[in-house]
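# Survey of secondary and tertiary structure
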Number of protein chains: 2
Amino acid sequence: MTSALLTDLYQLTMLQGYWHEGMEETAVFELFVRKFPPRRNFLLAAGLEQAIEYLENLAFEQQEIAYLRQTGLFDDRFLDRLAGLTFSGDVDAMPEGTVFFPNEPILRVVAPLPQAQLVETRLINLLQFQTLIASKAARCVLAAPGKNLVDFGLRRAHGSEAGILAARAAYLAGFGGSSNVAAGMKFSIPVFGTMAHSYIMAHDDELAAFRGFALSQPQNVVLLIDTYDTLAAVDKVIALAGELAQRNIPVKAVRIDSGDLATLAKEVRKKLDAAGLRQTGIFASGDLDEYTLQRFNAQNAPIDGFGVGTRLTTSSDAPYLNCAYKLQEYAGIPRRKVSSGKQTWPGRKQIYRRYDEKGVLAGDILTTADDAQEGEPLLRPVMRKGKRLHPPESLETIRRRTAMELECLPADLKELERESTLTVEISTALRELTRQTDLRLGLI
Amino acid sequence: MTSALLTDLYQLTMLQGYWHEGMEETAVFELFVRKFPPRRNFLLAAGLEQAIEYLENLAFEQQEIAYLRQTGLFDDRFLDRLAGLTFSGDVDAMPEGTVFFPNEPILRVVAPLPQAQLVETRLINLLQFQTLIASKAARCVLAAPGKNLVDFGLRRAHGSEAGILAARAAYLAGFGGSSNVAAGMKFSIPVFGTMAHSYIMAHDDELAAFRGFALSQPQNVVLLIDTYDTLAAVDKVIALAGELAQRNIPVKAVRIDSGDLATLAKEVRKKLDAAGLRQTGIFASGDLDEYTLQRFNAQNAPIDGFGVGTRLTTSSDAPYLNCAYKLQEYAGIPRRKVSSGKQTWPGRKQIYRRYDEKGVLAGDILTTADDAQEGEPLLRPVMRKGKRLHPPESLETIRRRTAMELECLPADLKELERESTLTVEISTALRELTRQTDLRLGLI
């Protein structure tokens, strides 16, 4: 997961140029999102822990150097230096789970130019994806208050790492767990799962399938009831529950995976209650996202938990963030990109966040790193001289932070469809630095 | 990349059920796409090689078993058996690069039920993603005839595996290469890359940046010209080309990454030609996909190659396929899922493809595996008793097959926006098997 070759070739050709030209002074890069994707009015920073691990372990293996040699693009002196390269820079970043807005850097790298350049691709790759999924997951959490949400996305995730990191991002955003066993092992995320339709179909009789499953794992009896006829299956569950009660095996829940879930859930609930199975929950899945969850909430659908898969793990309505990692300073001089539509604010920056008297997020100010402002500074030191400053945060700590952050959101930002009224103020100091930079570049 | 824990928990709880009930007879699962995502009229099978590798190497490690033990969900007898589990089944599949349509299985697994069940999640995860990207990449290839397309997607890919497998999928679909160095090493894909804006910005002078880069790698001089003023930068390139000519260093190309690419390219081409730099190509990048490529083609934009990134690697207009891996037969009896909106055709199936007298794809017929039809059968044996039958196909072989497949597409399927008129015929034999299955299930 941490190969130094997880980069674009141009990082390496640029490195050869930088070393050739002796350009190894300190560079400052910042990673930020340029603008919201459609239907987002806040984002949730995530992926920092994996970014730190990547930077701490950055090194080229001998076989990787050998591969680069045979491309014919690099000279031996360059490859020898590359073989000894590690990351010795400083990193400041927003803690994972922090709410943020466009143009606010979530991570700043200060390092010799070649190092700071090389790591661009994988830093974006790691931070973009988890931020994307955590932000989508947070919307699901806001849309389904009090419900247990479980990530079901691995099969439709874009590869294994996406599946594992999406489970992490969803959990830190407030999901209750994941069906992904590898993620459960790697990150100690609670895992959930019971049976698929194939289990029912492999049996010649639905009731026999329910019974067989229940007896094989009496502590985890959740039965999938929509393979043939959902309401008829509930009757079988009720009959079985009677048998199982004699062995003190409870039917924890039933799961519905197709059809009109809200209407079915109400009928299923009624049948279960009438049979005295008030403790048996209803779990639903199937093409869910924050919009369907919100509708179920509005309909008071008696569903206790939801499996959210494909649309979460691909962030299907916004499958990427328009994010960038840009050079803001080199050799002590602020830099700025002015390409059409892609202008950046120059220099090292900091964000200060203000809250109103009720503790609700009132607004941010984006300013230069040396300009003190009122409020809470969001970028905090996380690495110095290539070493992490703090042990990894537990996912539980990040989860609690996220919950607090979501609680402090203004009401309009908690809504799924409303555009945000919150703006990020640009400080006088940052505007002045930009003017000076443009003057130096001959742009004004 | 091949951990056996890359699965949903329910596969393991079902396995415990199957073993508990002694259900280990032969199961047949098929993987297929239920329906096209928006704006697709064909798909390209991809990812089979990774699927075979996964099945060949399937095994639980001791620490994985220990993790499962501490979840408290599994009994010791089950975990002991799991520790010894390997895949011993048969697999038939469409060769990678084959065009296919909804409801056509691209892979069939025939194995003892627990094995065939367990592998569902990762098989979908691997085949869904590469098929998704190869299909998107094929659309780009069709939209930009004769152009060199390069995958630039790693940074916005959903994690590292997505970046690496997307580079593979794009290359097999006809891209010329990738910027992804790790994919270049792993799959011997040609790698491309030169410089980013940061290279220019780190220098105090744009011409000095161009010169420094050119001298550091004289065989790969591609200069990025849109950091400040694109047309002014061309003048600098022309001046530098004069200097470099004395050292016999050619300027291979310039790259434009922002602005109105088609209009800029025409002006840049005019300037380069006027200066005698007819051999210097123009490469473009920036938010590209098949739709922009098609527009440039219609405008005769003088652009020789394109970097296609985010929208390819996330398949942004359709970031997932509605695909499924379904039990079609168990213990010799055909099975069928009839859940609302998710009905499947039962039994082992085969697809026969017919071509017209000009070699153009004329139509497919989906039938039972034992029903011989005219045409070319698309599912072919790839594994028997857990072992692969053939050495891995080279990407070059798959690439040639894909090119042939795209050439044989009917004209309307080559268009980006038209819905396909091609239908998959369901054979009489398959309809009869479905009727018998429904009779057995008491559905009719």
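Residues numbered from 1 in each chain as written. Chains lettered and ligands numbered in written order. Predicted model: local features only at pLDDT ≥ 70, side-chain atom pairs only at ≥ 80, totals over all residues.

### Side note on the overall build of chain A
Broken down by element type, chain A carries 16 helices and 19 strands. Along the three orthogonal principal directions, the C-alpha set of chain A runs to about 80 × 55 × 35 Å. Across the 444 residues of chain A, 56% fall into the buried class. Contacts in chain A between residues at least 24 apart in sequence constitute 72% of all its contacts with a sequence separation of at least 6. (Helix = DSSP H or I, 4+ residues; strand = E, 2+ residues; numbered from the N terminus. Buried ≥ 20, exposed ≤ 12 C-beta atoms within 10 Å, placed from the backbone. Contact = placed C-beta atoms within 7 Å.)

### As for the interface of chain A and chain B
Interfaces are often sized by the accessible area lost when the parts come together. Listed as interface residues are 81 residues of chain A and, on the opposing side, 81 residues of chain B. When residues of the side of chain A that touches chain B are assigned to their parent elements, the largest contribution, eight residues, is made by helix α1 (residues 9–20) of chain A.

### Brief notes about helix α1 (residues 9–21) of chain B
Residue and element names in this part refer to chain B. Here α1 spans 19 Å end to end across 13 residues, near enough to the 18 Å set by a 1.5 Å rise per residue. Most of α1 is tucked away, with 10 of its 13 residues classed as buried. Those residues of α1 not exposed but buried are Leu 9, Tyr 10, Gln 11, Leu 12, Thr 13, Met 14, Leu 15, Gln 16, Gly 17 and Tyr 18. Among the residues trailing α1, Gly 22 stands out with phi positive, at a value near 70°. (Expected span 1.5 Å × (residues − 1).)

### Here we look at helix α16 (residues 428–440) of chain B
All names here are of chain B. Taking 1.5 Å of rise per residue, the 13 residues of α16 would be expected to cover 18 Å, and the 18 Å separating its terminal C-alpha atoms lies within 8% of that figure. Listed in full, the buried residues belonging to α16 are Leu 430, Leu 433, Thr 434 and Thr 437. All buried residues of α16 fall inside an arc of 100° around its axis, so they share one side. Away from its buried face by more than 90 degrees, α16 exposes Thr 428, Glu 432 and Leu 439. Check the buried side of α16 and you find it contacts β13 (333–334), β14 (349–355), β15 (361–368) and β19 (424–426). Positive backbone phi, at 70°, marks Gly 442, one or two positions downstream of α16. (Arc of directions from axis to C-beta.)

### A word on the sheet that holds strand β18 (residues 387–388) of chain B
All names here are of chain B. An order of β13-β12-β1-β5-β3-β17-β18 is seen for the seven strands of this open sheet, with the pairing classed as antiparallel. Edge positions in the open sheet fall to β13 and β18, since each of these has one partner strand only. As paired elements, strand β17 (residues 380–384) and β18 share two bridges and run antiparallel to each other. Bridge pairing in β18 links Met 383 to Arg 388. The sheet contacts of helix α6 (residues 120–143) involve β1 (26–35), β5 (107–112) and β12 (322–330), and relative to β12 the element is tilted by about 140°. (Pairing = 2+ DSSP bridges. Axes fitted to C-alpha atoms, helices over the stretch in contact; angles between N-to-C directions.)

### Some details on the nonpolar core
Grouped together as the largest cluster of nonpolar side chains are 290 residues, with contacts concentrated most on Ala 137 of chain A together with Ala 137 of chain B. Excluding residues within four positions of it along the chain, Ala 137 of chain B makes contact with Ala 169, Ala 170, Ala 173, Gly 174, Phe 175 and Leu 312 of chain B. (Core = buried A, V, L, I, M, F, W, Y, C linked by C-beta atoms within 7 Å.)

### Re the pairing of β15 of chain B
Residues and elements named next belong to chain B. With seven bridges joining them, β14 and β15 adopt antiparallel strand pairing. Opposite Lys 349, over in β15, you have Thr 368 as the bridge partner. Remark: five residues form the turn of the hairpin made by β14 and β15, two consecutive strands paired antiparallel; Gly 359 in that turn has positive phi of roughly 85°. Sheet topology note: the β15/β19 ladder contains three bridges and is parallel.

### Details of the domain arrangement of chain A
Residues and elements named next belong to chain A. The domain architecture assigned to chain A consists of domain 1 (9–133 + 319–440) and domain 2 (144–313). Distance from the C-alpha centre of domain 1 to the C-alpha centre of domain 2: 39 Å. Listed per partner, the contact involves 13 residues of domain 1 and 16 residues of domain 2. Of all elements in the fold, only α6 (120–143) and α15 (395–407) reach the threshold of two or more residues within the side of domain 1 that touches domain 2. Per element, the largest residue contribution to the side of domain 1 that touches domain 2 is five residues, and it comes from α15. Of the residues contributing to the side of domain 1 that touches domain 2, the split by class is eight nonpolar, three polar and two charged. (Domains from an automatic or database assignment. Nonpolar A, V, L, I, M, F, W, Y, C, P; charged D, E, K, R; others polar.)

### Focus on the sheet that holds strand β13 (residues 333–334) of chain A
If you trace the seven strands from one edge of the open sheet to the other, you get β13-β12-β1-β5-β3-β17-β18 (chain A), paired in antiparallel fashion. Of all the strands in the sheet, just β13 and β18 (387–388) of chain A have a single pairing partner and so form its edges.

### A look at the pairing of strand β3 (residues 90–93) of chain A
Pairing of β3 of chain A with strand β5 (residues 107–112) of chain A involves four bridges; the strand directions are antiparallel. What sits directly across from Asp 90 of chain A, in β5 of chain A, is Val 110 of chain A.

### Here we look at the relation of the copies chain A and chain B
By a simple turn and slide, chain A fits onto chain B: the slide is 0.0 Å along the axis, the RMSD is 0.0 Å, and the turn is 180°. Between the two chains, the operation in question is that of a two-fold axis. Both copies present the same face, since 100% of the interface residues in chain A are matched by interface residues at the equivalent positions in chain B. (Least-squares fit on C-alpha atoms with pLDDT ≥ 70 in both.)

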